[in-house]
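The lines below spell out each chain.
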Amino acid sequence: MTAQRTPTVVDHEIVIVGAGFSGIGVAIMLRKAGFDDFLIVDDADGVGGTWHWNTYPGIAVDIPSFSYQYSFEQQHSWSRVYAPGRELKAYAEYCVGKYGLRPRIRFGTTIARADYDDTLHLWRLRTAAGTEITTRYMIGATGVLTRPKFPEIPGIERFRGLVMHTSRWDHGQDLTGKRVGIIGTGASAVQVIPEIAPGVEHLTVFQRTPIWCLPRPDRELPSPVRMLLRLPGGKVLTRLASQTFVELTFPLSAHYYGVVPISKLGERTGLAHLRSQVHDPVVREKLTPRYALGCKRPGFSNDYLATFNRDNVYLETEPITEITPGGIRTGGGDEHDIDVLILATGFKVMESGNMPTFDLHGSGGVRLEDWWDEHRLQAYEGVSVPGFPNFFSIIGPYGYNGSSYFALIEMQTRHILRVLRHARRQRATQVEVTAEANERFFREMLNRRGTQVFWQESCAVANSYYFDKNGDVPLKPMSTVEAAWRAGHFDLNDYRLSHLGDRAAPRQRGRRVGAR
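Conventions we followed
- Residues numbered from 1 in each chain as written.
- Predicted model: local features only at pLDDT ≥ 70, side-chain atom pairs only at ≥ 80, totals over all residues.
- Heavy atoms only, no water.
- Helix = DSSP H or I, 4+ residues; strand = E, 2+ residues; numbered from the N terminus.
- Expected span 1.5 Å × (residues − 1).
- Contact = heavy atoms within 4.5 Å.
- Buried < 20%, exposed > 50% of the residue type's maximum accessible area, 1.4 Å probe, protein only.
- Pairing = 2+ DSSP bridges.
- Axes fitted to C-alpha atoms, helices over the stretch in contact; angles between N-to-C directions.
- Salt bridge = Lys/Arg side-chain N within 4 Å of Asp/Glu carboxyl O.
- Parallel < 35°, antiparallel > 145°, perpendicular 65-115°, else oblique.
- Left-handed = near helix turned anticlockwise from the far one by under 90°.
- Nonpolar A, V, L, I, M, F, W, Y, C, P; charged D, E, K, R; others polar.
- Right-handed = clockwise from strand over helix to strand, strands pointing away.
- Phe/Tyr/Trp six-rings, centres within 6.5 Å; stacked < 30°, edge-to-face > 60°.
- Lys NZ or Arg CZ within 6 Å of the ring centre and 35° of its normal.

1. Some details on helix α8 (residues 262–277)
Between its terminal C-alpha atoms α8 stretches 22 Å, which fits the 22 Å expected from 16 residues at 1.5 Å a residue. Next to the buried residues of α8 lie β10 (213–214), α7 (251–255) and α9 (281–286).

In structure tokens form, the structure reads like this:
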């Protein structure tokens, strides 16, 4: 007989919001650490997050595959140095199956709102369907490249043709022989443009800001490398080489600009690549960035720039004034007739509605977005915010340093596990970072700006999503080695523990949560 539910019963000790690689990684590490009572919720119908939603032509990881994987679950079956998207999706499915996570995932579940219950020390999660899930701890693992950003251009609703965002690609549509316009020249556009250009009648690329495009050391993995990956220590060696490359190309060059002279070398490489790839000097000039490498996310491609040599590809740099029923009109007065409009306009990253993807209210009913509007985007080590007990983020402000997302996932989860173990040892029912610790961390992050590339004068024209509405860049300004060390050595006293009385303590399946 099932016991009647009461307000003192929680459904799960931990709820993870998001079944992408962040949610999968957190779940695996929780199980290894002995935290078995958790649920993963996701609004999709499959795992993978970014790699579930994004299936556009040419999609691939933009760092070497050896770094884009969990350190504890390294593969030797990647087909290329930069794995295509379908292999990342398959890797997500593999990890879910190997670690027995599928029964713990609830698909098609959109969290619309979360409220913290100060009296019972638990979170009440309200789904879009109107149901409630209660949990002691909540972990936000919704990522940043999941909520598509649509441009606010007059007339877009009147366009008579097909409109697609790259993150919601409709594979039932045939672009062969069509006049296509694509808005945006960011990382997604760099991959999709070379793939669709050969098959369309005409492709017009609408560029606001040129992207730094560097050659990509990509190729099919030869048999000797595959053999190396199977040998003892082979995966360690390839991952070390890959991690070093990743560290040089962003964390060190971006956070220590002018100190470590890697960016200038990268800029020379990018300009040489541009000169070798684009024949027309006028087009080449339009594709030349006017900002320092690192101000915004660069692209890595061996065929993007060369696509502009094609007779059926046109680069438009005049600003778009409106979208008409049959095309796009620019500031120069020209109207480009198109049949298909592709939006390569990226994602909501440092914006409202994405961090988190649901309405979150902490202690006293304070709304997280309102708190950030008042205090600027900030979170202690990118994980915790004062006033929001028992809530942790994987990709919070000042959590990501620009390395592999998998390095971030493992570091942030290590931080979270230290807190959860501490709370379990003390039989605490509530953990909250102190305002003093958060303020100290935030001051440190701001004080370390001096060596970052983002504060170079040229970055003002980069139109980078790294900058939030306050003009801050909430990336962690340090190397991956330092970030990893901090995840395992922060002062546990920076968190305040609280307890419920024995009678008031929420119970779960006949036991007191946190008393194990």
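2. What about the pairing of strand β16 (residues 340–343)?
Neither face of β16 is left uncovered, since the one carrying Val 340 and Ile 342 and the one carrying Leu 341 and Leu 343 both have all their residues buried. Looking at chain direction, strand β8 (residues 179–183) and β16 are connected through four bridges and run parallel. Bridged to Gly 181 within β16 is Leu 341.

3. As for the sheet that holds strand β9 (residues 202–206)
Strand order in the open sheet formed by five strands is β7-β16-β8-β9-β12, with parallel pairing between adjacent strands. Both outer strands of the open sheet, β7 (162–165) and β12 (313–316), are each paired with one neighbouring strand and no more. Between one strand axis and the next, the sheet turns by 20° as a mean value, whatever way the strands run. As judged from the four bridges shared by β9 and β12, these two strands associate in the parallel manner. Considered in β12, the bridge of Thr 204 is made with Tyr 314. Across the sheet, helix α4 (residues 187–196) touches β8, β9 and β16, and the angle it forms with β8 is around 170°.

4. Let's talk about the pattern of salt bridges
Scanning the entire structure with this criterion turns up 32 salt bridges. The shortest N-O distance in the salt bridge between Glu 267 and Lys 264 comes to 4.0 Å. Of this pair, Glu 267 and Lys 264 are both found in helix α8, three residues apart, which corresponds to roughly one turn of the helix. Judged by its relative accessible area of 43%, Lys 264 is partly exposed.

5. Brief notes about the packing of helix α1 (residues 21–32) against helix α3 (residues 85–98)
Axis separation between α1 and α3 bottoms out at 11 Å; the angle between their running directions is 25°. Viewed along their axes, α1 and α3 adopt a mutual orientation that is roughly parallel. Relative to α3, the crossing made by α1 is left-handed. Listed contacts from α3 to Phe 21, Ile 24 and Ile 28 of α1 are Leu 88, Tyr 91, Ala 92, Cys 95 and Val 96. Of the residues in the contact of α1 with α3, the class split is eight nonpolar, no polar and no charged.

6. Side note on the pairing of strand β2 (residues 38–41)
Burial of β2 is two-sided: the residues Phe 38 and Ile 40 facing one way and the residues Leu 39 and Val 41 facing the other way are all buried. Where strand β1 (residues 12–17) and β2 come together, four bridges link them in parallel fashion. Across the sheet, residue Val 17 finds its bridge partner in β2, namely Val 41. Considered for its hand, the β-α-β crossover made up of β1, α1 and β2 is right-handed. For β2 and strand β3 (residues 105–106), the ladder comprises two bridges, and the chain directions are parallel. Within β3, the residue paired with Ile 40 across the bridge is Ile 105.

7. What to know about the sheet that holds strand β13 (residues 320–324)
Taken together, the three strands give an open sheet; going across it, the order is β13-β14-β15, and neighbouring strands pair in antiparallel fashion. Both edges of this open sheet fall to β13 and β15 (335–337), since each of them pairs with a single strand only. Geometrically, the sheet is characterised by an average inter-axis angle of 20° between neighbouring strands, direction not taken into account. As judged from the four bridges shared by β13 and strand β14 (residues 327–330), these two strands associate in the antiparallel manner. From the neighbouring strand, Ile 323 faces β14, where its bridge partner is Ile 328.

8. Considerations on the packing of aromatic side chains
All chains considered together, the criterion is met by 27 aromatic pairs. Here the aromatic rings of Trp 455 and Phe 467 are separated by 5.8 Å at their centres, their planes lie at 85°, and the arrangement is edge-to-face. Of the two residues, Trp 455 is situated in the loop between α12 (435–447) and α13 (480–489) and Phe 467 in the loop between α12 and α13; the sequence distance between them amounts to 12 residues. Against the face of Phe 38 rests Arg 104, its NZ or CZ located 4.6 Å from the ring centre. Taking the ring centre of Trp 53 as reference, the NZ or CZ of Arg 168 above it sits at 4.2 Å.

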